[in-house]
Amino acid sequence: MKPMEIEMEFPAEHGGNVFGQFDAFMKKIEKTLHVSLILRDDRLKCIGTQQAVESALSVVEELLELSKRGNVITEQNVNYALSLSMDDQPANLVELDQDVICHTIQGKAVKPKTLGQKKYVEQIKNKMITFGVGPAGTGKTYLAMAMAITAFKNDEVNRIILTRPAIEAGEKLGFLPGDLQSKVDPYLRPLYDALYEILGADAFMKNMEKGLIEVAPLAYMRGRTLDNAYIILDEAQNTTPAQMKMFLTRIGFGSKAIITGDLTQKDLPFDSISGLDEALRVLGKVKDIGISQLTNKDVVRHPLVQQIVAAYDKYEEAKASRKQRNNRKNKR
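Residues numbered from 1 in each chain as written. Predicted model: local features only at pLDDT ≥ 70, side-chain atom pairs only at ≥ 80, totals over all residues. Heavy atoms only, no water.

Asks: What is the right way to read the sheet that holds strand S9 (residues 229–233) from this model?
Replies: Picture the strands of a sheet paired through backbone hydrogen bonds; they go either parallel or antiparallel. If you walk across this open sheet you meet the six strands as S8-S7-S9-S10-S6-S11, and the pairing is parallel. Strands at the two margins of the open sheet, each flanked by one partner only, are strand S8 (213–217) and strand S11 (289–293). Pairs of neighbouring strands in the sheet enclose a mean axial angle of 15 degrees, with direction left out of account. In this sheet, strand S10 (residues 256–261) lies alongside S9 in parallel orientation, the contact comprising four bridges. Counted as the bridge partner of Ile 232 is Ile 258 from S10. Sheet strands touched by helix H10 (residues 241–248): strand S6 (129–133), strand S7 (159–164), S9 and S10. Its angle to S10, the strand with the most contacts, is close to 155 degrees. (Pairing = 2+ DSSP bridges. Helix = DSSP H or I, 4+ residues; strand = E, 2+ residues; numbered from the N terminus. Axes fitted to C-alpha atoms, helices over the stretch in contact; angles between N-to-C directions. Contact = heavy atoms within 4.5 Å.)

Structure, rendered in structure tokens:
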């Protein structure tokens, strides 16, 4: 197919931001979409097949608009715009940029960075209970914390309750010294990290001392009714079915609950049923419950994390396929 050539206006002052240091992002766009990009003065020339050129210019326009809005373009922005263009979906990065949830203590805007995250945030806003399920790095816990802190600051709820099952990640830590808080802190550290970054250490400690923010292991939720609260259950894949049912039946009037987990990272005993897995099957059709299934395309950590998640997904699919083939052979 004969290559075509299209030019567009491109403000030179945005070149370094949009195309990255040493044109790293430009090279990624060229390599991924099989086009050539040439930037001279205020004109950008794109050469390739018609479809490739249209996709490349659409990606560049989205990144340029983000840059004009004052954003620092990251590799994650570029990767996500490219993945959408290859799936024949509009990039919509500018639309995502408008959905600011809150700001960190340093003034950085917290907002969804992918369409999956946007859907997750919308479900949290509109549903009483939301399940956020997906691999590491998809922002499940962080966005839930941001929504909870925003609701707390706006007096929509009286307190924030954060909980997770106290299970080691595949290793035995043995005896932990200190009082109850010292013993459970290692399990709850990821929740503290998000609170410190968004709320600030001083505000967090003051509200915790007043009992307005509570961080506790899941076992301490039994027997309570939680009214006018934002409740987040993290690492829910490590709950038993009984624990999950216990947690869901704690929710009172004026409360919202967010349950986050990654079904590929269970630390339960071998062959145990995950409470998260069962809840998704049991509650999938309940009207006021939202379920967001995030994927490796929603990973917003270092780009290598996305590659790791994708590689493991591919490996697990191949392993399951081999198992099915072996089962069929054995039946013969």
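After that view of the structure, there is still more to cover.
Asks: Please explain the packing of aromatic side chains as it appears in this structure.
Replies: Centre distance and the angle of the planes are the two values used to describe a pair of aromatic rings. Counted by the stated rule, this structure contains four aromatic pairs. Ring centres of Tyr 196 and Phe 204 lie 5.3 Å apart, and the angle between their planes is 75 degrees; this geometry places the pair in the edge-to-face category. On the basis of relative accessible area, Phe 204 is assigned to the buried category, the value being 1%. Each residue in the set Tyr 192, Tyr 196 and Phe 204 is aromatic and connected to the rest through ring pairs, giving one cluster. (Phe/Tyr/Trp six-rings, centres within 6.5 Å; stacked < 30°, edge-to-face > 60°. Buried < 20%, exposed > 50% of the residue type's maximum accessible area, 1.4 Å probe, protein only.)

Asks: I keep staring at the side chain of Ser 292 and nothing clicks. Help me out?
Replies: Here Ser 292 lies in strand S11. Once residues within four sequence positions are removed from consideration, Ser 292 is found in contact with Lys 119, Tyr 120, Gln 123, Phe 131, Gly 132 and Val 133.

Asks: Would you mind going over the environment of Gly 223 with me for this structure?
Replies: Relative to the assigned elements, Gly 223 resides in the loop between S8 and S9. Given the relative accessible area of 68%, Gly 223 is considered exposed. Residues Gly 223 and Arg 250, spaced 27 residues apart in sequence, show a C-alpha to C-alpha distance of 7.6 Å.

Asks: Help me out: how do you make sense of the pattern of salt bridges in this one?
Replies: Close approach of charged atoms lets side chains of opposite charge pair. Per the counting criterion, the structure on display carries 13 salt bridges. Residue Glu 214 is joined to Arg 224 by a salt bridge in which the shortest nitrogen-to-oxygen separation is 2.7 Å. Of this pair, Glu 214 sits in strand S8 while Arg 224 sits in the loop between S8 and S9, placing them 10 residues apart in sequence. Residue classification places Arg 224 among the partly exposed positions, given a relative accessible area of 21%. Overlapping salt bridges bring together Glu 95, Asp 99, Lys 118 and Glu 122 as one network. (Salt bridge = Lys/Arg side-chain N within 4 Å of Asp/Glu carboxyl O.)

Asks: Sorry, what's going on with the side chain of Arg 164 here?
Replies: Considering the arrangement of structural elements, one finds Arg 164 in strand S7. What makes Arg 164 buried here is its relative accessible area of 10%. Looking at Arg 164, its side chain comes within polar contact range of the side chain of Glu 235, at 3.1 Å. (Polar contact = N/O pair within 3.5 Å; in protein donor to acceptor, adjacent residues only side chain to side chain.)

Asks: What exactly am I supposed to notice about helix H7 (residues 140–153) here?
Replies: Residues three or four positions apart in an α-helix share a direction because the helix packs 3.6 residues into each turn. Between the first and last C-alpha of H7 there are 20 Å, a value that for 14 residues agrees with the 20 Å anticipated at 1.5 Å per step. Of all 14 residues in H7, 12 are buried; the element is thus mostly enclosed. For H7, the full list of buried residues reads Lys 140, Thr 141, Leu 143, Ala 144, Met 145, Ala 146, Met 147, Ala 148, Ile 149, Thr 150, Ala 151 and Phe 152. Immediately downstream of H7, the backbone of Asp 155 shows phi near 60 degrees, a positive value. (Expected span 1.5 Å × (residues − 1).)

Asks: Would you take a moment to explain the environment of Ala 279 for this structure?
Replies: Of note, Ala 279 is situated in helix H11 (residues 275–283). By relative accessible area, which is 6% here, Ala 279 ends up buried. For the pair Ala 279 and Leu 248, spaced 31 residues apart in the sequence, the C-alpha separation amounts to 9.5 Å.

Asks: Before we go on, may I ask you to explain the nonpolar core in this structure?
Replies: Nonpolar side chains in soluble globular proteins tend to end up buried together. Counting residues in hydrophobic clusters, the biggest one holds 31 residues, and the most contacted among them are Met 145, Ile 160, Leu 162, Leu 195, Val 215 and Tyr 230. Taken together, the elements giving at least two residues each to this core come down to helix H6 (115–126), H7, S7, helix H8 (180–199), S8 and S9. Counting residues per element, this core draws most heavily on H7, which supplies nine residues. Residues in contact with Met 145, not counting those within four places in the same chain, are Leu 162, Leu 191, Ala 194, Leu 195, Ile 198 and Ile 232. (Core = buried A, V, L, I, M, F, W, Y, C linked by side-chain atoms within 4.5 Å.)

Asks: Looking at this structure, how should I read the packing of H6 against H7?
Replies: In the contact formed by H6 and H7, the axes pass within 11 Å of each other and the chain directions differ by 40 degrees. Taken together, the axes of H6 and H7 lie oblique to each other. Every pair of crossing elements has a handedness; the one defined by H6 and H7 is right-handed. Counted together, Gln 117, Tyr 120, Val 121, Ile 124 and Lys 125 of H6 and Lys 140, Leu 143, Ala 144 and Met 147 of H7 form the full contact between these two elements. Residue classes in the contact of H6 with H7 are distributed as six nonpolar, one polar and two charged. (Parallel < 35°, antiparallel > 145°, perpendicular 65-115°, else oblique. Left-handed = near helix turned anticlockwise from the far one by under 90°. Nonpolar A, V, L, I, M, F, W, Y, C, P; charged D, E, K, R; others polar.)

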